[in-house]
Amino acid sequence: MTGWLADTRTSYDTVASSYAGIVRDAVTTQPYLRAALALFAERADGPVVDVGCGPGHFTAHLVSLGLDASGVDLSPSMIELAREAYPGIRFEVGSMTDLPRPDASVAGVLAFWSLIHVPDDAVPGVLGHFHRVLRPGGRLVIGYHVGDSATLKTQGYGGHPMKVHVHRRPPERVGALARDAGFEIEAEWLLDPDDDVPQAILFARRPPLR
């Protein structure tokens, strides 16, 4: 593993404990995230995978909503924390560039702020893997930073060193990338539009068999 993947893995191994402490209460404190997860759970008819699951907090919430949810993350330290916190849930180390799931095996893919470190030229391949592992009619939900820039993050989450590029993308580009990968767009939410860095959530699906 080289390049941006290796840098991302090392960075999140370094900040794992601090990051987990910061995001642990995200579901309870952010109602729009909670609503997005509830909608995802309502519409995903079968097993789902949380890609870039970090310490597992969103995966665990999906399980609490009745889903058969599992998590995948590039960082072994994040997966270790997730397994410790939620021992009854399946978590494994893996990359979204080679997603460890069989073709058409899941009813939903959640990618909450896990594409933000993926370079533009690698995003189509990642979305292709999301499309590949989803059953026809399966749901995809992507959370991301809104903007049109890429910045190098050298420190974060408790002041620990990092080396990751953070990509902010406009909704029209994210939607176009999803369509190019074969997805149908169902809804787009813009969150905190007056913040310095707004957030957005895209709801899409792999088209059902006709």
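Above this text sits the structure in question.
Engineer: Help me understand the packing of helix α3 (residues 31–43) against helix α4 (residues 57–64) in this model?
Structural biologist: How two helices pack is summed up by the angle between their axes together with the distance between the axes. Contact geometry for α3 and α4: axes closest at 10 Å, N-to-C directions at 55°. In terms of orientation, α3 lies oblique with respect to α4. For α3 against α4, the interelement crossing comes out right-handed. Together, L33, R34, L37 and F40 of α3 and F58, H61 and L62 of α4 make up the contact between the two elements.

Engineer: Would you explain the packing of helix α1 (residues 3–23) against helix α5 (residues 76–85) in this entry?
Structural biologist: Axis separation between α1 and α5 bottoms out at 7 Å; the angle between their running directions is 30°. Classified by the angle between their axes, α1 and α5 sit roughly parallel to one another. Contact residues: α1 offers R9, Y12, D13, A16, S17, Y19 and A20, while α5 offers P76, S77, M78 and L81. Among the residues forming the contact of α1 with α5, the class breakdown is seven nonpolar, two polar and two charged.

Engineer: For this particular structure, what's the right way to read helix α6 (residues 123–133)?
Structural biologist: Quick reminder: α-helices carry 3.6 residues per turn. Residues three or four places apart thus point the same way. Residues of α6 that are buried: V123, V126, L127, H129, F130, H131 and V133. Among the structural elements, β1 (48–51), β4 (106–112), β5 (134–145) and α7 (171–180) are those in contact with the buried residues of α6.

Engineer: What should I look at first to understand the side chain of H145 in this one?
Structural biologist: Of note, H145 is situated in strand β5. Classification of H145 by relative accessible area gives buried; the value is 17%. Separated by 2.8 Å, the side chains of H145 and Q199 make a polar contact. Contact partners of H145, with chain neighbours within four places excluded, come to W113, I116, V166, H167, R168, R169, V197, P198 and Q199.

Engineer: Could you clarify how one ought to interpret a negative patch on the surface in this entry?
Structural biologist: Taken together, the side chains of D192, D194, D195 and D196 define an acidic patch exposed on the protein surface. Within the secondary structure layout, D194 lies in the loop between β8 (184–191) and β9 (199–205).

Engineer: How do you make sense of the sheet that holds strand β2 (residues 69–73) when you look at a structure like this?
Structural biologist: Within a sheet, neighbouring strands are paired by backbone hydrogen bonds and run either parallel or antiparallel to one another. Ordered by their spatial adjacency, seven strands build an open sheet running β3-β2-β1-β4-β5-β9-β8, and the pairing between neighbours is mixed. Two strands in the sheet have a free side with no partner beyond their single neighbour: β3 (91–93) and β8. Going across the sheet, the axis of each strand differs from the next one's by a mean of 15°, ignoring polarity. On the sheet, α5 packs against β2 and β3 and is oriented at approximately 165° with respect to β3.

Engineer: Teacher, can you tell me more about the packing of aromatic side chains here?
Structural biologist: How two aromatic rings sit relative to each other is given by the distance of their centres and the angle of their planes. Taken as a whole and judged by the stated rule, the model has six aromatic pairs. A connected cluster of aromatic rings, assembled from ring pairs, spans Y12, Y19 and Y157.

Engineer: What exactly am I supposed to notice about the pattern of salt bridges here?
Structural biologist: A side chain with one charge may pair with a side chain of the opposite charge, provided their charged atoms come close. One pass over the full model with this rule turns up 11 salt bridges. Put simply, E92 and R101 hold a salt bridge, and the shortest N to O gap is 2.4 Å. What makes E92 buried here is its relative accessible area of 16%. Classification of R101 by relative accessible area gives buried; the value is 8%. D120 is paired through a salt bridge with R169; the nearest N and O atoms lie 2.8 Å apart. Of the two residues, D120 is situated in the loop between β4 and α6 and R169 in the loop between β7 (160–168) and α7; the sequence distance between them amounts to 49 residues. Judged by its relative accessible area of 43%, D120 is partly exposed. If you follow the salt bridges from partner to partner, you end up with R43, R139, E184, E186, R205 and R210 in one network.

Rules used in this analysis
Residues numbered from 1 in each chain as written. Predicted model: local features only at pLDDT ≥ 70, side-chain atom pairs only at ≥ 80, totals over all residues. Heavy atoms only, no water. Axes fitted to C-alpha atoms, helices over the stretch in contact; angles between N-to-C directions. Helix = DSSP H or I, 4+ residues; strand = E, 2+ residues; numbered from the N terminus. Parallel < 35°, antiparallel > 145°, perpendicular 65-115°, else oblique. Left-handed = near helix turned anticlockwise from the far one by under 90°. Contact = heavy atoms within 4.5 Å. Nonpolar A, V, L, I, M, F, W, Y, C, P; charged D, E, K, R; others polar. Buried < 20%, exposed > 50% of the residue type's maximum accessible area, 1.4 Å probe, protein only. Polar contact = N/O pair within 3.5 Å; in protein donor to acceptor, adjacent residues only side chain to side chain. Patch = residues over 30% accessible without salt bridge, like charges linked within 9 Å, V, L, I, M, F, W, Y side chains within 5 Å. Areas by Shrake-Rupley, 256 points an atom, 1.4 Å probe, with all protein chains shown as cover. Salt bridge = Lys/Arg side-chain N within 4 Å of Asp/Glu carboxyl O. Lys, Arg positive; Asp, Glu negative; His and termini not counted. Charge placed at Lys NZ, Arg CZ, Asp CG, Glu CD. Pairing = 2+ DSSP bridges. Phe/Tyr/Trp six-rings, centres within 6.5 Å; stacked < 30°, edge-to-face > 60°.

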